[in-house]
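Residues per chain are reported as follows:
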Amino acid sequence: MSSVAPKPEADRPILLTGGTGQVGMALRRLSGEGFQIHAPVRGELDLGDPEAIEAMIASRPWRAVISSGAYTAVDRAETDIETAWAVNARAPAALAVASGRAGIPILHLSTDFVFAGTKASPYLENDPVGPLGVYGASKAAGEMAVASANPRHLILRTAWVFSPDGNNFVKTMLRLAEIRDEVSVVNDQLGCPTSADDIAVVIKSLLTRMEADQPPRGIYNMVNSGEASWHDLAGVVFAQAQAAGRRIPELKAIPTSGYPTPARRPGNSRLDTSRLTRDFGLRLRPWQEAVRDVVSALLAQPATQERS
Ligand SMILES: NC(=O)c1ccc[n+]([C@@H]2O[C@H](COP(=O)([O-])OP(=O)(O)OC[C@H]3O[C@@H](n4cnc5c(N)ncnc54)[C@H](OP(=O)(O)O)[C@@H]3O)[C@@H](O)[C@H]2O)c1
């Protein structure tokens, strides 16, 4: 009887959820030898269907699960509560149970919106959560489910994500710059703008480290260095656009009360990343550098793509 040697783990594909999202697209750009990403689209794997999740993980030997799929429409979640909980809480739970059963690691993306935003300094991983809305509450529940169902887990809290893909604040500002003479942006919410491409590079590096003998586990903050208000972020976007010869609007600062939204946002959701640096030697570059890269990429695109 001939025996087949087990496949080395690194040759196995990684199951990625949310592959059409900002972080998912960035991860797929890194896919290649030694980091093979398999990202079923919604029609192949609906995160609202826990049985389909279980069947997908049982269908072949995976190297790991990267759980990036989420219901990210923060305001819509306030009324679409059931869907938000299904995708943000029950889907990660099912992914963690099935990956735990398969004995493979899970890297799960979470958010600064698990916090209430009342702390005066940047949040540490073990600060108590206090979500202000349905999105944050469902993501906090997802974190707990992942942590309890698979001991080989990393929960990576990120924030204010931007990229050349999907919908994000940087793209919105560039679009408004073309059509408005004046743009008002809130200046009393503080956070950490973060590039999806930088997140993807860190995730790739963390996955290798999780395959070491006694890998760290738990929650890690993972954001670009520095901090900003939305007004600061808009300012850097406009400055970059202006340097590239584009027209820019006048930028005005307004308080959160001047821009009411269905979901409340944390006033301070800055995340302290010293744990990521201490345990893994990883530190993401300043957010301004990452914004410049993304704005340059967007301005280099044909106008129709840029506005999509
Ligand atoms: N965006 C931010 O500012 C931010 C901030 C903090 C943390 N995060 C976290 O970072 C992670 C990645 O965020 P992102 O910005 O890349 O998100 P995104 O661009 O909004 O993408 C969300 C992804 O989830 C998928 N998805 C949603 N519902 C689904 C369902 N029922 N079945 C299958 N797929 C479904 C979407 O697929 P479709 O294309 O089919 O809709 C899409 O691929 C998420 O966990 C998010 O909570 C994001």
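Residues numbered from 1 in each chain as written. Predicted model: local features only at pLDDT ≥ 70, side-chain atom pairs only at ≥ 80, totals over all residues. Heavy atoms only, no water.

Points about the sheet that holds strand E5 (residues 153-158)
With parallel pairing, the six strands of this open sheet are ordered in space as E2-E1-E3-E4-E5-E10. Either end of the sheet is taken by a strand with one partner, and the two such strands are strand E2 (37-38) and strand E10 (218-221). Where strand E4 (residues 106-111) and E5 come together, six bridges link them in parallel fashion. Note on E5: the bridge partner recorded for Thr111 is Thr158. Along the sheet face, helix H1 (residues 22-30) touches strand E1 (14-17), E2 and strand E3 (64-67) and points at about 155 degrees away from the line of E1. (Pairing = 2+ DSSP bridges. Helix = DSSP H or I, 4+ residues; strand = E, 2+ residues; numbered from the N terminus. Contact = heavy atoms within 4.5 Å. Axes fitted to C-alpha atoms, helices over the stretch in contact; angles between N-to-C directions.)

A short note on unusual backbone geometry
Of note, the phi angle at Trp160 is positive, near 45 degrees, even though the residue is not glycine. With respect to the helices, strands and loops of the structure, Trp160 is situated in the loop between E5 and strand E6 (161-162). Overall, Trp160 belongs to the buried group, its relative accessible area being 9%. (Buried < 20%, exposed > 50% of the residue type's maximum accessible area, 1.4 Å probe, protein only.)

Side note on the site of the ligand
Close to the ligand lie 25 residues, the nearest being Thr20, Val23, Thr72, Tyr135 and Lys139. Contact between the ligand and Gly21: an oxygen atom at 3.0 Å from a main-chain N or O atom of the residue. Within the contact set of the ligand, an oxygen atom lies 2.9 Å away from a backbone nitrogen or oxygen of Val161. In isolation the ligand has 900 Å² of accessible area, and contact with the protein removes 81% of it. Of all the elements in the fold, those that place two or more residues in the shell around the ligand are H1, E4 and helix H4 (134-149). A total of three residues in the shell around the ligand trace back to one element, the largest contributor, which is E4. Classifying every residue of the shell around the ligand by side-chain character gives ten nonpolar, twelve polar and three charged. (Near = heavy atom within 4 Å. Polar contact = N/O pair within 3.5 Å; in protein donor to acceptor, adjacent residues only side chain to side chain. Areas by Shrake-Rupley, 256 points an atom, 1.4 Å probe, with all protein chains shown as cover. Nonpolar A, V, L, I, M, F, W, Y, C, P; charged D, E, K, R; others polar.)

Details of the nonpolar core
Counting residues in hydrophobic clusters, the biggest one holds 35 residues, and the most contacted among them are Val170, Met173, Leu233, Val237 and Val291. Among the elements of the structure, helix H5 (169-179), strand E7 (182-186), helix H7 (230-243) and helix H9 (287-300) are those that each provide at least two residues to this core. The residues contacting Val291, other than those within four sequence positions of it, are Phe162, Leu233, Val236 and Val237. (Core = buried A, V, L, I, M, F, W, Y, C linked by side-chain atoms within 4.5 Å.)

A few points about the environment of Glu143
Mapped onto the fold, Glu143 is located in helix H4. By relative accessible area, Glu143 is classed as buried at 5%. Spatially, the C-alpha atoms of Glu143 and Val41 are 23 Å apart, while their sequence positions differ by 102 residues. Every residue in contact with Glu143, bar those within four places of it in the chain, is listed here: His108, Ser110, Val114, Ile155, Arg157 and Ile219.

Looking at the packing of aromatic side chains
Tallied over the entire structure, the rule returns five aromatic pairs. Ring centres of Phe113 and Tyr135 lie 6.1 Å apart, and the angle between their planes is 75 degrees; this geometry places the pair in the edge-to-face category. Linking Phe113 in the loop between E4 and H4 with Tyr135 in helix H4, this pair joins segments that are 22 residues apart in sequence. The residues Phe113 and Tyr135 share a single accessibility class, namely buried. Aromatic pair Phe115 and Tyr123: ring centres 4.0 Å apart, planes at 10 degrees, arrangement stacked. A relative accessible area of 4% means that Tyr123 is categorised as buried. Of note, Arg60 hangs over the ring of Trp62, and the distance from its end group to the ring centre comes to 4.9 Å. (Phe/Tyr/Trp six-rings, centres within 6.5 Å; stacked < 30°, edge-to-face > 60°. Lys NZ or Arg CZ within 6 Å of the ring centre and 35° of its normal.)

Some words on the packing of helix H3 (residues 81-102) against H4
The interhelical angle for the contact between H3 and H4, taken along N-to-C directions, is 10 degrees, at an axis separation of 8 Å. What the angle tells us is that H3 and H4 run roughly parallel. Each of Ile81, Ala84, Trp85, Asn88, Ala89, Pro92, Ala93, Ala96, Val97 and Gly100 in H3 lies in contact with H4, whose residues at this interface are Val134, Tyr135, Ala137, Ser138, Lys139, Ala141, Gly142, Ala145, Val146 and Ala149. Classifying every residue of the contact of H3 with H4 gives 15 nonpolar, four polar and one charged. (Parallel < 35°, antiparallel > 145°, perpendicular 65-115°, else oblique.)

Some remarks on the confidence of the model for the protein chain
Interpretation of the predicted coordinates at a detailed level should be avoided for regions scoring low in pLDDT. Across the protein chain, the average pLDDT comes to 94, with 95% of residues at or above 70. Ignoring residues within four places in sequence, the model shows residues 1-7, a span with pLDDT below 50, making one contact including any to other chains. (pLDDT = per-residue confidence, 0-100.)

Description of the pairing of E3
Neither face of E3 is open: one carries Ala64 and Ile66, the other Val65 and Ser67, and all of them are buried. When E1 meets E3, the two strands line up parallel, connected through four bridges. When the bridges of E3 are listed, Thr17 appears paired with Ser67. Judged from the three bridges that link them, E3 and E4 form a sheet pairing that is parallel.

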